[in-house]
Amino acid sequence: MASLWYQEADRAGYLASTCPFPVACLQLNMKLAIAVLLAAGLVTGCDRPVAGEESAGPATRPVMIDNPTKLSDADWQKLLTPEQYRVLREKGTERAFTGKLTDVTDPGTYYCAACGQELFHSTTKFHSGCGWPSFYAAAAGDRVKLTKDLSAGMVRTEVTCSRCGSHLGHVFDDAPDQPTGQRYCINSVSLTFVPDAKGATTQPAK
Ligand SMILES: [Zn+2]
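Residues numbered from 1 in each chain as written. Predicted model: local features only at pLDDT ≥ 70, side-chain atom pairs only at ≥ 80, totals over all residues.

Novice: How would you sum up the nonpolar core? Please name residues and give values.
Specialist: In this structure, C112, A114, L119, C161, Y184, I186 and L191 are the most contacted members of the largest nonpolar core, which totals 34 residues. Secondary structure elements with two or more residues in this core: α5 (82-89), β1 (108-112), β2 (118-121), β6 (156-161), β7 (167-172), β8 (183-186) and β9 (191-195). (Core = buried A, V, L, I, M, F, W, Y, C linked by C-beta atoms within 7 Å. Buried ≥ 20, exposed ≤ 12 C-beta atoms within 10 Å, placed from the backbone. Helix = DSSP H or I, 4+ residues; strand = E, 2+ residues; numbered from the N terminus.)

Novice: Tell me about the pairing of β8, residues and numbers included.
Specialist: Of the two faces of β8, the one carrying R183 and C185 and the one carrying Y184 and I186 are both buried. One ladder, built from 2 bridges, connects strand β4 (residues 134-135) with β8; its direction is antiparallel. Within the sheet, the bridge partner assigned to S134 lies in β8 and is C185. Where β7 meets β8, 4 bridges bridge the pair, whose relative direction is antiparallel. (Pairing = 2+ DSSP bridges.)

Novice: Tell me what's going on with the sheet that holds strand β5 (residues 144-149), and back it up with residues and numbers.
Specialist: Ordered by their spatial adjacency, 6 strands build an open sheet running β3-β4-β8-β7-β6-β5, and the pairing between neighbours is antiparallel. Bordering the open sheet on either side are β3 (125-126) and β5, each of which pairs with just one other strand. Here β3 runs beside β4; their pairing, made up of 2 bridges, is antiparallel. Note on β4: the bridge partner recorded for F126 is S134.

Encoded structure:
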């Protein structure tokens with residue numbers, strides 16, 4: 001919902017870089033203000049960090065929330081949709097072939113839907129046919145944390161965001177046709193995709 005809020009905010013013609021409440025709302029007519037609030041599902045105003053959401057592409061990169069490791073479960077539940085919370089914070093998995101980003105091929109950058117950290121680039125995305133967005137590498141080695149996962153009766157390697165610890169998916173060594181041989185199998189709901197501006201190219205993470 002946060003990205004929706006941004007879209008509505010952009011339409012309203014004001015910037016979200018600083019807290020827009022309550023001054024900005026007063027500048028809007030009431031109908032639009034109500035639409036913005038409904039779209040955002042806002043719980044509180046100024047101190048509410050903004051998380052991303054899987055989508056076909058908000059206009060701007062998501063805001064990096066401050067000190068994400070200090071957030072409580074209750075904080076995350078306010079920030080995330082129920083499905084995002086289930087996958088990102090409870091290590092859930094979205095159903096195969098249901099994610100919004102599985103077949104996206106547009107140039108752009110994929111950010112953590114929980115904390116806003118840059119995670120993957122479209123330049124490493126490939127169509128694996130597994131039903132989830134697949135990448136052969138992370139944007140940089142320090143963007144993800146890999147952990148042995150023995151759940152569900154399998155031996156897998158879990159991929160989490162190195163900044164906030166949220167669950168992203170798993171990585172497998174089963175992509176021999178890719179440069180690294182690896183397949184990062186990532187939930188769409190764990191990602192916020194931001195397409196490149198027209199004419200721009202995706203810049204590798206520093
Ligand atoms: Zn994160």
